Amino acid sequence: MPAFQSAYGFELDADQLLTLSGGDTAATMRAAAQPDNDVNGAMTYGTDGGVNALGLVVLEDTRGVQPVYQPTPVVRSQVLDAYPVIADTLDPLFASLDLETLQTLNARVAVQGQPARDVAADYLEQLND
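In what follows, the accompanying structure is described. These numbers were taken from a predicted model, which means no experiment stands behind them. Counting from 1, residues in each chain are numbered in the order their sequence is written. Totals for whole chains, interfaces and linings use all residues, but because this is a predicted model, local features are given only for residues with pLDDT of at least 70 and pairs of side-chain atoms are given and counted only at 80 or more. Water and hydrogen atoms were dropped before computing side-chain values, which therefore reflect all heavy atoms in the structure.

## Here we look at the overall build of the chain
Labels follow the DSSP assignment, with helices taken as runs of H or I lasting at least four residues and strands as runs of E lasting at least two, numbered in each case from the N terminus. A tally of regular secondary structure across the chain gives seven helices and zero strands. Across the chain, helices and strands are ordered from the amino to the carboxyl terminus as α-α-α-α-α-α-α. Scored against the burial criterion, the 129 residues of the chain give a buried share of 19%. Whether two residues are in contact is decided by their heavy atoms, any of which lying within 4.5 Å being enough. When contacts within the chain are restricted to residue pairs at least 6 apart in sequence, long-range pairs at least 24 apart make up 47% of them. For accessible areas, the Shrake-Rupley method is used with a probe of radius 1.4 Å. Any residue's cover is judged against the shown protein chains and nothing else. For the chain, the accessible area works out to roughly 9,600 Å², and carbon and sulfur atoms hold 53% of it. Exposure is judged per residue with a 1.4 Å probe applied to protein chains only, and the accessible area is read against the type maximum: over 50% gives exposed, under 20% gives buried, and values in between give partly exposed.

## Regarding the environment of Ala121
For Ala121, the location among the structural elements is in helix 7 (residues 116-128). Sequence separation between Ala121 and Gly49 is 72 residues; the distance between their C-alpha atoms is 18 Å.

## A closer look at a nonpolar patch on the surface
A cluster of nonpolar side chains, contributed by Met1, Phe10, Leu17 and Met43, occupies part of the molecular surface with about 340 Å² of accessible area. Relative to the assigned elements, Met43 resides in the loop between helix 2 (25-33) and helix 3 (50-53). Like charges are joined within 9 Å and nonpolar side chains (Val, Leu, Ile, Met, Phe, Trp, Tyr) within 5 Å, but only among residues with over 30% relative accessible area and no salt bridge; these make up the patches. We define a salt bridge as a contact between a side-chain nitrogen of Lys or Arg and a carboxyl oxygen of Asp or Glu at a distance within 4 Å.

## What about the packing of helix 6 (residues 99-110) against helix 7?
Two numbers describe how helix 6 lies on helix 7: the axes approach to 8 Å, and their chain directions differ by 140°. Considering only the axes of helix 6 and helix 7, their crossing is right-handed. Facing Thr101, Leu105, Arg108 and Val109 of helix 6, the residues of helix 7 in contact are Ala116, Val119, Asp122 and Tyr123. For this scheme, ten residues count as nonpolar: Ala, Val, Leu, Ile, Met, Phe, Trp, Tyr, Cys and Pro. Four count as charged, namely Asp, Glu, Lys and Arg, and the remainder, Gly too, count as polar. Within the contact of helix 6 with helix 7, the residues separate by chemical class into five nonpolar, one polar and two charged. For every element, the axis is a line fit to its C-alpha atoms; helices are fit only across the contacting stretch, and the angle between N-to-C directions ranges from 0 to 180 degrees. Two helices crossing with the near one rotated counterclockwise from the far one by less than a right angle form a left-handed crossing, whereas a clockwise rotation gives a right-handed crossing.

Quick look at the structure:
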């Protein structure tokens, strides 16, 4: 929070903050989504599946305070040198995983309870159609 306050020029007093232990982003999102408390926002992952399900909106960090956690393949250089087709195969897939897509896929797992394996298989089939 101090980095956001500095970059965006605001300051919250201690009595304006609610800190939940353990880094449970689901709890912070639920608190922000409840209309019967004084919580108006939450820090969470923008790709979290619960964001849309709870009617929350991801704000863009135009000043780059928070690093963006975007999935990316990591391959040893010797393997990539030997099999360059790996990059050709994976680049379009990972390029397709934008914020909205990741929220949707994560929601199918976290909110709807679908098995991650099935969600991934469905998405790969959809890309190939």
